[in-house]
Amino acid sequence: VQLQASGGGLVQAGGSLRLSCAASGLTFSRYFMGWFRQAPGKEREFVAAISWSGGSTDYADSVKGRFTGSRDNAKNTVYLQMNNLKPEDTAVYYCAAGLGRPYPWRREEEYEFWGQGTQVTVSS
């Protein structure tokens, strides 16, 4: 199983980025997907979760209304659209895949597979 995250970069505050996470080696449509992030000196934290179909999503309060998670099961890819970015959004963003757990999916231990992370830096 491989999860390949991409789309990170440097952006000014108020800008947007779209992260992608391409999955391989698993039956993608069976997995719920999550995005987590880890800022320097901090623990990794939940950002967003997307259900198998993409019909249900969940967000951390800190990103609600600014970030949108989605997926394309035909492309085995999950996305995180990040708008109105703030300097406090600066972190390494990770995608993860989980299976067979009840909603919501906010805890790291609920995920079986993890991507390598992509750096997002927001300048003020």
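The text that follows walks through the structure, step by step, so that each part is easy to find. In this text the structure is predicted, and so the values were computed from the model without any measurement.

### With respect to the overall build of the protein
Then, number 1: Helix and strand content of the protein: zero helices and eleven strands.
Then, number 2: The order of α-helices and β-strands along the protein, N terminus first, is β-β-β-β-β-β-β-β-β-β-β.
Then, number 3: Taken over C-alpha atoms, the radius of gyration comes to 13 Å for the protein, in line with the 14 Å a tight globule of 124 residues would show.
Then, number 4: Dimensions of the protein along its principal axes, counting C-alpha atoms only, are 40 × 25 × 25 Å.
Then, number 5: Burial statistics for the protein: of 124 residues in total, 45% are counted as buried.
Then, number 6: Summarising the internal contacts of the protein: among those between residues at least 6 apart in sequence, 58% fall at separations of at least 24.
Then, number 7: Surface accessibility of the protein: about 6100 Å² in total, with carbon and sulfur atoms responsible for 46%.

### Things to note about the nonpolar core
Across soluble globular proteins, you tend to see nonpolar side chains buried next to one another.
Then, number 1: Counting 37 residues, the largest nonpolar core has Met33, Trp35, Val47, Phe67, Leu80, Met82 and Tyr93 as the members making the most contacts within it.
Then, number 2: What Val47 contacts, discounting residues up to four positions off in sequence, is Trp35, Phe36, Arg37, Asp58, Tyr59, Ala60, Val63, Phe67, Leu80 and Tyr93.

### Some details on the pairing of strand β7 (residues 67–72)
Then, number 1: Covered by surrounding structure in β7 are Phe67, Gly69 and Arg71 only, the residues Thr68, Ser70 and Asp72 on the alternate face being uncovered.
Then, number 2: Alignment of β7 against strand β8 (residues 77–82), held across six bridges, turns out to be antiparallel. Its bridge partner lying in β8, Asp72 is registered against Thr77.
Then, number 3: Counting the residues in the hairpin turn of β7 and β8 gives four residues, including Asn76, whose phi is positive at 55 degrees.

### A closer look at the sheet that holds strand β3 (residues 17–24)
One key point about sheets: their strands pair by backbone hydrogen bonds, in either a parallel or an antiparallel sense.
Then, number 1: With antiparallel pairing, the four strands of this open sheet are ordered in space as β1-β3-β8-β7. Every interior strand has two partners, whereas the edge strands, β1 (2–6) and β7, have only one. Within the sheet, the average angular offset between the axes of one strand and its neighbour, ignoring direction, is 15 degrees.
Then, number 2: Looking at chain direction, β1 and β3 are connected through five bridges and run antiparallel.

### Notes on the side chain of Glu110
Then, number 1: By the element assignment, Glu110 lies in the loop between β9 (91–98) and β10 (113–114).
Then, number 2: Within the structure, the side chain of Glu110 is placed 3.0 Å from the backbone nitrogen of Arg107, a separation counted as a polar contact.
Then, number 3: Sequence-distant contacts of Glu110, defined by excluding residues within four places in its chain, comprise Phe32, Gly98, Leu99, Arg101, Pro102, Pro104 and Trp105.

### Observations concerning unusual backbone geometry
Then, number 1: For the bond from Tyr103 to Pro104, the omega torsion is 0 degrees, close enough to zero to count as cis.
Then, number 2: Turning to its location among the elements, Pro104 is positioned in the loop between β9 and β10.
Then, number 3: For Asn84, which is not glycine, the phi torsion reads 50 degrees and is therefore positive.
Then, number 4: Relative to the helices and strands, Asn84 is located in the loop between β8 and β9.
Then, number 5: Looking at Asn84, the relative accessible area reads 42%, which means it is partly exposed.

Calculation rules
Residues numbered from 1 in each chain as written. Predicted model: local features only at pLDDT ≥ 70, side-chain atom pairs only at ≥ 80, totals over all residues. Heavy atoms only, no water. Helix = DSSP H or I, 4+ residues; strand = E, 2+ residues; numbered from the N terminus. Rg over C-alpha atoms; globule rule 2.2 N^0.38 Å. Buried < 20%, exposed > 50% of the residue type's maximum accessible area, 1.4 Å probe, protein only. Contact = heavy atoms within 4.5 Å. Areas by Shrake-Rupley, 256 points an atom, 1.4 Å probe, with all protein chains shown as cover. Core = buried A, V, L, I, M, F, W, Y, C linked by side-chain atoms within 4.5 Å. Pairing = 2+ DSSP bridges. Axes fitted to C-alpha atoms, helices over the stretch in contact; angles between N-to-C directions. Polar contact = N/O pair within 3.5 Å; in protein donor to acceptor, adjacent residues only side chain to side chain.

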